[in-house]
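Residues per chain are reported as follows:
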Amino acid sequence: MEGKREKGEEVMNGKGTAKVSVIVPVYNAERYLKQCVESILAQTLKNVEIIFVDDGSTDGSLEILKDYQAKDYRVRVISQENTGGGAARNRGMKEASGEYLCFLDADDYFEPAMLERMSSKMDATGSDICVAKVRCWHEDLGFYTDEYAAMREEYLPEKDVFSWEDMKGTIFNTFHNWPWNKLFRRSFVERKGLAFQEIKRTNDLLFTCSALVLAERITTLKEVMVNYRVGITGNCQTTNTAAPLDFYQAFQELRKFLQEQGIYEEVERSFLNHALDGCMANLNSQENSPAHETLFHQLRGSLMKELGITDQPADYFYPFNQLMYENYRLMMEKDYITFLRKRIQDMKDERDRCLIGDYKDKMYLADRVEEEKRRCKDTEDWWRKECDRVCKEIEKVYKDSFSYKTGHAVTSPLRACARLVKKTKL
């Protein structure tokens, strides 16, 4: 540990620079926090600084973080009053000194080679942003699924380095607006003045989408590097009742930004597809019944129209968005109870799809095990036959030899070998 601390002191004293600054906002995450922290400490890239911003946690999160800070020089802990994940990330960015910025949520975890692989890709390409794939860990169901929305490969340009101008109609749909499956060049973020909205929810939309259209060079790492935990209680996925319209504010701010940049018309289809998906996803994630019904009527009444969604035909929305479009049309044409029944059926269908997929995976693995057993049995049978053959050859050698006929002294090693082979046959 002392050796590590000396290296850390060099970084902190300005004699060296961290390759990556990892920024983690933390709020009441003690149940999953250790796995998150360990996944960063275990990175194959060791030259990192890890900035945890405790956002007024009331559980044991801060104590866990302070314990890690005492053990590893790379860990820094900052405490603030509860103001939300956006404010926490902004605070972390102000303290960051790394060449690259990386973000992680406290209930998710990285694959061990993520930072090394992504930073190496950015070094090699000179990119402003690198995007990796994601998989979901379903906490309630107990298995993984690929997260298609993190990187829709069919919309990627056919080159390793690109910009939004190569994909004007899909820039916001090829990549989700999560910041935590991306690496950002810090000088790019600072030069463009990028910051997270300081709202409770969807505070990453403006930051990430703005970065995607401002970046001159974007690259990808087509490997799963982040594990996204879903199906849990207590995080921002399940505590959205207090700020149900934050997502709408985020989309309005993004549209305003795009208009100010003079590029809204060029990316409008991508924006509206993303906005439709965001509106319906936020409605579906409302677990409080009165809040769900209220948001239903708000979206139906004016919010969808204000975003420009109501003026578009069905084929304006991409194939992956058709289910959201169907739900949107149902919302606009039917009453709340009819919509709710359809949503319940969709949830059942999705759960069945996940369970069937998991069942198929397990059956595949079971078949592989049986195949290996059969292969091993076949191999065992082969070795038995091969051992018998070798033994017979050895016996023949010494029985046909002159020494066997005149005495056994010379061939005793061969006989010992034959006996050993027989004893050790499979």
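Criteria and thresholds
- Residues numbered from 1 in each chain as written.
- Predicted model: local features only at pLDDT ≥ 70, side-chain atom pairs only at ≥ 80, totals over all residues.
- Heavy atoms only, no water.
- Helix = DSSP H or I, 4+ residues; strand = E, 2+ residues; numbered from the N terminus.
- Buried < 20%, exposed > 50% of the residue type's maximum accessible area, 1.4 Å probe, protein only.
- Contact = heavy atoms within 4.5 Å.
- Areas by Shrake-Rupley, 256 points an atom, 1.4 Å probe, with all protein chains shown as cover.
- Polar contact = N/O pair within 3.5 Å; in protein donor to acceptor, adjacent residues only side chain to side chain.
- Pairing = 2+ DSSP bridges.
- Expected span 1.5 Å × (residues − 1).
- Arc of directions from axis to C-beta.
- Salt bridge = Lys/Arg side-chain N within 4 Å of Asp/Glu carboxyl O.
- Phe/Tyr/Trp six-rings, centres within 6.5 Å; stacked < 30°, edge-to-face > 60°.
- Lys NZ or Arg CZ within 6 Å of the ring centre and 35° of its normal.

You'll find the protein chain entered in an unreviewed UniProt entry as Glycosyltransferase family 2 protein, with Candidatus Limivivens merdigallinarum given as the organism.

1. What to know about the overall build of the protein chain
Counting secondary structure elements, the protein chain contains 15 helices and 9 strands. Considering the protein chain as a whole, with its 426 residues, one finds that 49% of them fall into the buried category. Long-range pairs, those at least 24 residues apart, make up 77% of the contacts in the protein chain between residues at least 6 apart in sequence. If you sum the accessible surface of the protein chain, you get close to 21,300 Å²; carbon and sulfur atoms cover 51% of it.

2. What to know about the side chain of Asp72
Structurally, the position occupied by Asp72 is in the loop between helix H3 (61-71) and strand E3 (75-80). Taking the relative accessible area as the measure of exposure, Asp72 reaches 6% and is therefore buried. For Asp72, the side chain forms a polar contact with the main-chain nitrogen of Arg74, separated by 2.9 Å.

3. As for the pairing of strand E9 (residues 218-230)
Most of E9 is tucked away, with 10 of its 13 residues classed as buried. In terms of strand pairing, strand E5 (residues 109-110) meets E9 through 2 bridges, oriented antiparallel. Opposite Phe110, over in E9, you have Val226 as the bridge partner.

4. Thoughts on helix H5 (residues 114-125)
In a regular helix each residue adds 1.5 Å, so 12 residues correspond to 16 Å; H5 covers 17 Å between its end C-alpha atoms and thus fits that length. Turning to H5, its buried residues are Met114, Leu115, Met118, Ser119, Lys121, Met122 and Thr125. Along the axis of H5, the buried positions cluster into a sector of 155°, meaning they face one direction only. Looking one or two residues beyond H5, the residue adopting positive phi is Gly126, at roughly 65°.

5. Describing the pattern of salt bridges
Per the counting criterion, the structure on display carries 17 salt bridges. As a salt-bridge pair, Lys19 and Asp123 come within 2.9 Å of each other at their nearest N and O atoms. Residue Lys19 is found in the loop between helix H1 (2-12) and strand E1 (20-26), and its partner Asp123 is found in helix H5; the two are separated by 104 residues along the sequence. By relative accessible area, Lys19 is classed as buried at 19%. Put simply, Lys121 and Asp160 hold a salt bridge, and the shortest N to O gap is 3.1 Å. Of the two residues, Lys121 is situated in helix H5 and Asp160 in the loop between strand E7 (143-146) and helix H6 (171-174); the sequence distance between them amounts to 39 residues. Overall, the relative accessible area of 18% leaves Lys121 in the buried class. Overall, the relative accessible area of 42% leaves Asp160 in the partly exposed class. Overlapping salt bridges bring together Lys19, Glu99, Asp123 and Arg185 as one network.

6. Here's the deal with the packing of aromatic side chains
Two descriptors summarise a pair of aromatic rings, namely the distance from one centre to the other and the angle between the planes of the rings. Evaluated as defined, the whole model comprises 20 aromatic pairs. Here the aromatic rings of Tyr264 and Phe271 are separated by 5.6 Å at their centres, their planes lie at 70°, and the arrangement is edge-to-face. Geometrically, the ring pair formed by Tyr325 and Tyr328 is tilted, given 5.7 Å between the ring centres and 50° between the ring planes. In this pair, Tyr325 and Tyr328 both sit in helix H12 (residues 322-333), 3 residues apart, roughly one turn of the helix. By the burial criterion, Tyr325 is buried, and Tyr328 matches it. Of the aromatic side chains, those joined through ring pairs into one cluster are Phe103, Phe184, Phe196 and Phe207. Over the ring of Phe196 we find Arg89, and its NZ or CZ is 5.1 Å from the ring centre. Seen from the ring of Tyr144, Arg135 lies directly overhead, with NZ or CZ sitting 3.7 Å from the centre.

7. Things to note about the side chain of Ser270
Within the secondary structure, Ser270 sits in helix H10 (residues 264-284). On the accessibility criterion, Ser270 (0% relative accessible area) is buried. One polar contact links Ser270 to Asn173, side chain to side chain, over a distance of 2.8 Å. With residues up to four places along the chain from it excluded, the contact list for Ser270 reads Lys168, Gly169, Thr170, Ile171, Phe172 and Asn173.

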